[in-house]
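Secondary and tertiary structure notes
Next come the chains, spelled out residue by residue.
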Amino acid sequence: MKTLPFTNEQLEAIASQHPTPFHIYDEKAIRANARRLKAAFAWNPGFHEYFAVKATPNPWLMKLLKEEGFGSDCSSMAELVLAEAVGNVGEDVMFTSNDTPDAEFRKAVELGAIVNLDDITHIAAVERACGKLPALMCCRWNPGPLKGGNAIIGKPEEAKYGFTTEQLYDAYARMKAKGVKRFGLHTMVASNELSPQYIIDTATLLFDLVVDISKKVGITFDFINIGGGIGIPYRPDQEAQPLETIGAGIEASYRAHLIAKGHPDLKLYMECGRCITGPYGYLVARVRHLKRTYRTYVGLDACMSNLMRPALYGAYHHISVPKYGPAGTTYTEKAEVPLMTCDVTGSLCENNDKFAIQRAIPEVQPGDLLVLHDAGAHGHAMGFQYNGKLRSAELLRRADGSVQVIRRAETLADYFATLDFPGL
Ligand SMILES: *Cc1c(COP(=O)(O)O)cnc(C)c1O
């Protein structure tokens, strides 16, 4: 069952001020979810979530999440600069990059960020870029064929990320010899994973490895970072990840696989993006044309530059038509709404510019508002300008019900801004 935190009247009122398409995020729901995640891991005194900036790189949302105690997980110069702008510096920044330019290592070290290395050769790269290694270092583990992987992230052994298990022992020994004092271990082997056990098992693998490396290398670990990848229920018949179950499962594993094996307490870190903002962001568009040829096409004023996931991965994003919602309450999908089977399209000259293919959606007419759910992560962020399509505005519905423009829509002037050509 999908619900919307807006009535049709509220959405029409917002759309009368802010032309469609736009993304709108729900502050109240984001904060409530952030608190739920922290509560699930309250057993671990050092627990820290580093919000994966790439999911929704908007400083207003990052600031809101910082107020909830979240740090920033960055992987590029722009993301480091955003973290700094919202006041996340020092160990509130995790720098999990790959194929990293020297300048980004330098920026991360200047900010005092935790540098999470992607490869054994990057030890020397950081030394070259920064003069010496920071006192705290982390390595990203690629468990290879140990772990099954999933549809978006693929098989770990085919993934470009991280160190092999053997390389880790060597890397920590070398870093210890070079004077590094504090250590972390990271992995990220899930993406949009809906099984709690998969996340718990990932933590267990890290606990076992931490114990083994500690013994062999003669170090102890400050933290493990289990990465992101907690999935969200894009489809109405899917269930949200039970964060409490994941928290309790990891706690049990922590006691059995780490503390009982003689390793001192360590901090548990996460760098989730999708499950932090994904379900609480909506792409709101209007039906522009209804076209009936060999199929019925519902043409929107949004296109895949506003939400690329359906075209990129065949991802499902649920569609609601708020005009069918009861007045005065939030919209909850009803069974008795008339349906039409159609392709829901954008205006790009690419036939994969479709938000839904042969889907039964509530019957719409040109001019109707339509909402694509779960667009709050990897939505606006993946926008692009191919075909001269412009990125939309981002709005934040504040806890008091007011609406704040947190990014304006692009204009043609933005599109032409990098050209130096007479008349443009
Ligand atoms: C993408 C990414 C994340 C966030 O993943 P989600 O699926 O959004 O939770 C975290 N860490 C790294 C290194 C990533 O690349």
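Everything in this summary refers to the structure shown in the same document. (Residues numbered from 1 in each chain as written. Predicted model: local features only at pLDDT ≥ 70, side-chain atom pairs only at ≥ 80, totals over all residues. Heavy atoms only, no water.)

Quick look at the packing of helix α2 (residues 27-40) against helix α9 (residues 243-259)
As a reminder, the rule being used: To obtain each axis, a line is fitted to C-alpha atoms, and for helices this fit is confined to the stretch in contact; angles are then taken between N-to-C directions over 0 to 180 degrees. A run of H or I in DSSP counts as a helix once it spans at least four residues, and a run of E counts as a strand once it spans at least two, with each numbered from the N terminus. Should an angle fall under 35 degrees it is taken as roughly parallel, and over 145 as roughly antiparallel, whereas 65 to 115 is taken as roughly perpendicular and any remaining angle as oblique. Should the near helix be turned counterclockwise from the far one by less than a right angle, the crossing is left-handed, whereas a clockwise turn marks it as right-handed. We call two residues contacting when some pair of their heavy atoms lies within 4.5 Å. Here the term charged refers only to Asp, Glu, Lys and Arg, the term nonpolar to Ala, Val, Leu, Ile, Met, Phe, Trp, Tyr, Cys and Pro, and the term polar to all other amino acids, Gly among them.
Following both chains from N to C, one finds α2 and α9 inclined at 25°, their axes separated by 8 Å at the closest point. In terms of axis orientation, α2 runs roughly parallel to α9. For the pair α2 and α9, the crossing hand works out as right-handed. Contacts from Asn-33, Arg-36, Leu-37 and Ala-40 in α2 reach Leu-243, Glu-244 and Gly-247 in α9. Class assignment of the residues belonging to the contact of α2 with α9 gives a composition of 3 nonpolar, 2 polar and 2 charged.

Examining the environment of Ala-125
Let me state the cut-off plainly: Relative accessibility thresholds used throughout: buried, under 20% of the residue-type maximum; exposed, over 50%; partly exposed, between the two (1.4 Å probe, protein chains only).
Here Ala-125 is to be found in helix α6 (residues 122-130). A relative accessible area of 9% means that Ala-125 is categorised as buried. Between the C-alpha atom of Ala-125 and that of Gln-404, which follows or precedes it by 279 residues, the distance is 42 Å. Those residues in contact with Ala-125, other than ones at most four positions away along the chain, are Asp-102 and Phe-105.

Observations regarding the packing of aromatic side chains
The cut-off we apply is this: Within 6.5 Å between ring centres, the rings of Phe, Tyr and Trp (the latter by its six-membered ring) count as paired, and their orientation is classed by plane angle as stacked under 30 degrees, edge-to-face over 60, tilted in between. By the criterion adopted, a ring carries a charge over it if an Arg CZ or a Lys NZ lies within 6 Å of its centre and within 35 degrees of its normal.
Overall, the coordinates contain 12 aromatic pairs when judged by the stated rule. Aromatic side chains Tyr-415 and Phe-416 sit 5.2 Å apart centroid to centroid with 65° between the ring planes, which places their arrangement in the edge-to-face category. Residue Phe-416 is classed as partly exposed on the basis of its relative accessible area of 25%. By way of ring pairs, the aromatic residues Phe-41, Trp-43, Phe-47, Phe-207 and Tyr-254 are connected into one cluster. Stacked on the ring of Tyr-161, the Lys or Arg Arg-140 has its end atom at 4.3 Å from the ring centre.

Some remarks on the pairing of strand β19 (residues 403-407)
Let me state the cut-off plainly: When DSSP finds at least two bridges between two strands, those strands are taken to pair.
Of the pairings in the sheet, the one linking strand β18 (residues 393-397) to β19 comprises 4 bridges and is antiparallel in character. Pairing of Leu-396 across the sheet is with Gln-404, part of β19. Where β18 folds back on β19, the antiparallel hairpin that results is connected by 5 residues, among which Gly-401 adopts a positive phi of roughly 95°.

Considering the packing of α2 against helix α3 (residues 59-67)
The contact between α2 and α3 brings their axes to 10 Å, and the two run at 40°. The orientation of α2 with respect to α3, classified from their angle, is oblique. Between α2 and α3 the crossing geometry is right-handed. Note on element contacts: α3 touches α2 through Leu-61, Leu-64, Leu-65 and Glu-67, opposite Glu-27, Ile-30 and Arg-31.

Thoughts on the layout of surface pockets
Note the cut-off: Definitions used throughout: a 1 Å grid over protein atoms alone; a cavity as a set of points that fits a 1.4 Å probe which cannot get out; a pocket as an open set with protein on both sides within 12 Å along at least five of seven lines; a lining residue as one with an atom within 4 Å of a point. Grid points are joined across faces, edges and corners, and a volume is the space filled by probe spheres set on the points.
In this structure, the largest pocket occupies an estimated 670 Å³ of space. Together, 27 residues line the largest pocket, and Lys-54, Arg-140, Tyr-161, Met-188 and His-378 are the ones closest to its centre. Only β4 (71-74) and α11 (309-313) provide two or more residues apiece to the lining of the largest pocket. For the lining of the largest pocket, the class distribution of residues is 10 nonpolar, 10 polar and 7 charged. Tallied by class, the residues present in the lining of the second largest pocket amount to 10 nonpolar, 7 polar and 6 charged.

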